[in-house]
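# A structural walkthrough
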Amino acid sequence: MSTITSRRIIFGFFVAAAFVSTGCRDAADREQAKYVIGFSQCTTLEPWRVLFNRNLIEAADRHPDVQLVPLDANDRTEEQVAQMRSFIRRRVDAILISPKESPGLTRVVEEATEAGIPVIVLDRGVNTDQFASFVGADNYEIGRAAGREAVRLLGGSDQAEGIIYEICGGLATPPAQERRAGFHEVVAFEAGIRMVGGLDADWKKDQAQNIMQDALKTHDRIDLVYAHNDPMAHGAYLAARDAGRADQMKFIGIDAIPEEGQRWVRSGELTATFLYPTPGEKGLEIALDILEGNPVEKRYILPTRMFTRETVDEGGVEVAGY
Ligand code: FRU
């Protein structure tokens, strides 16, 4: 069995278990639970999402007043729209959504808001302000910090030299757009740096690996790979390693979860990664605040940290200006 297949099965089990456990609570606690909160997660194909679900489900389990209804949209916008509509029909008390992409999920977020259900948008934003609150990190600043680290690795300010190959996350999502914009803004000051690539690998490791295999054929020289998440950075690393060229390159990613990015930085496969905290627990806290009538902010920005081989065992370092 391939690693990807076996991983999928493990994640599948996790998701099924989450459903079974909420199913049991459904039967036993339904009458007691004061609040039913729908949660539409765009996918659980990536480890960051699995961690996100685990953190949120554990947080919900600590609240006897809450019955969380987690659904997995299997990476499909239409499925996520249908889930949102089912939450609206069921008249849940609040909805947490982490959208697959922005344009396709904007209208249904508005529909829920119009139906009087508070919607808390997590990680990837939507193109409207008709939601109750948003939780995410500052992807633009993370992109800028990654750009500064790239400049440092390629020789330092005003002297940096090299070719940077970029691999993008889903370009219909704000995190990919902002991680790209922040990075470009910083490296644009360096006359010696040339940016190439920029293809959309939809956040997926296997797609990034394929893109990098092609890139290695067309580019004799690549000095640094900047990928918008760690799975894609690692996919690029694997392609470069198989082509015997990984030693000539640095690899920068984003997410820094312990079992992926931090592990790959420790082993030297990635050069640096930036923490992208999972937003579920904060989202639940906000939902409860709204339901209890407490005031909430429109946007909550979670912190980041940079991890390199030298700093990973001390929990990384703060990012200047964040
Ligand atoms: C997981 C993920 C993360 C990334 C985030 C951006 O689905 O791709 O790796 O940081 O989504 O929205």
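The rules behind these values
Residues numbered from 1 in each chain as written. Predicted model: local features only at pLDDT ≥ 70, side-chain atom pairs only at ≥ 80, totals over all residues. Heavy atoms only, no water. Salt bridge = Lys/Arg side-chain N within 4 Å of Asp/Glu carboxyl O. Helix = DSSP H or I, 4+ residues; strand = E, 2+ residues; numbered from the N terminus. Buried < 20%, exposed > 50% of the residue type's maximum accessible area, 1.4 Å probe, protein only. Phe/Tyr/Trp six-rings, centres within 6.5 Å; stacked < 30°, edge-to-face > 60°. Lys NZ or Arg CZ within 6 Å of the ring centre and 35° of its normal. Domains from an automatic or database assignment. Contact = heavy atoms within 4.5 Å. Buried area = accessible area lost by both parts, 1.4 Å probe. Near = heavy atom within 4 Å. Polar contact = N/O pair within 3.5 Å; in protein donor to acceptor, adjacent residues only side chain to side chain. Areas by Shrake-Rupley, 256 points an atom, 1.4 Å probe, with all protein chains shown as cover. Nonpolar A, V, L, I, M, F, W, Y, C, P; charged D, E, K, R; others polar.

## As for the pattern of salt bridges
Note that side chains of opposite charge can pair when their charged atoms are close. Within this structure, the stated rule accounts for 23 salt bridges. The salt bridge involving E141 is made with R144; its shortest N-O contact spans 3.8 Å. In this pair, E141 and R144 are both assigned in helix α5 (residues 139-153), three residues apart and thus about one turn of the helix distant. On the accessibility criterion, R144 (22% relative accessible area) is partly exposed. Several salt bridges converge on common partners, so that one network encompasses E46, D75, K100, D202 and K204.

## A few points about the packing of aromatic side chains
Scanning the entire structure with this criterion turns up five aromatic pairs. Ring geometry for W48 against F52: centres 5.4 Å apart, planes inclined by 80°, an arrangement best described as edge-to-face. In this pair, W48 and F52 both sit in helix α2 (residues 47-61), four residues apart, roughly one turn of the helix. Look at W48 and you get buried, because its relative accessible area is 4%. Residue F52 is classed as buried on the basis of its relative accessible area, which comes to 0%. Taken together, the aromatic side chains of F39, W48, F52 and Y276 make up a single cluster linked through ring pairs. One residue, R179, lies across the ring of Y276, its end atom 4.3 Å from the ring centre. Note that K298 overlies the ring of F131, its terminal NZ or CZ placed 4.4 Å from the centroid.

## What about the domain arrangement of the protein chain?
Entries for the protein chain in the domain assignment read domain 1 (12-131) and domain 2 (139-276 + 308-318). For domain 1 and domain 2, the distance between their C-alpha centres works out to 31 Å. Every contact between the two is made by 14 residues of domain 1 and, on the other side, 13 residues of domain 2. Buried area between domain 1 and domain 2, summed over both chains or domains, comes out near 1100 Å², and the portion from carbon and sulfur atoms is 56%. Considering only the side of domain 1, the residues that lose the most area to domain 2 are E46, W48 and R124, jointly responsible for 42% of the buried surface there. The interface formed by domain 1 and domain 2 includes three salt bridges. When the shortest N-O distance is used, the salt bridge between D202 and K100 registers 2.9 Å.

## A word on the site of the ligand
Around the ligand sit E46, W48, R49, D123, R124, P175, R179, W203, N229, D255 and Y276, and those are all the residues in its vicinity. Residue R49 places a side-chain N or O atom 2.6 Å away from an oxygen atom belonging to the ligand. In the environment of the ligand, an oxygen atom lies 2.9 Å from a nitrogen or oxygen atom belonging to the side chain of N229. Look at the ligand: alone it shows 310 Å² of surface, and the protein chains cover 100% of it. Residue assignment for the shell around the ligand shows that the elements contributing at least two residues are α2 and α6 (174-187). Across the shell around the ligand, the residue classes break down as four nonpolar, one polar and six charged. No fewer than three residues from each of domain 1 (12-131) and domain 2 (139-276 + 308-318) sit in the shell around the ligand.

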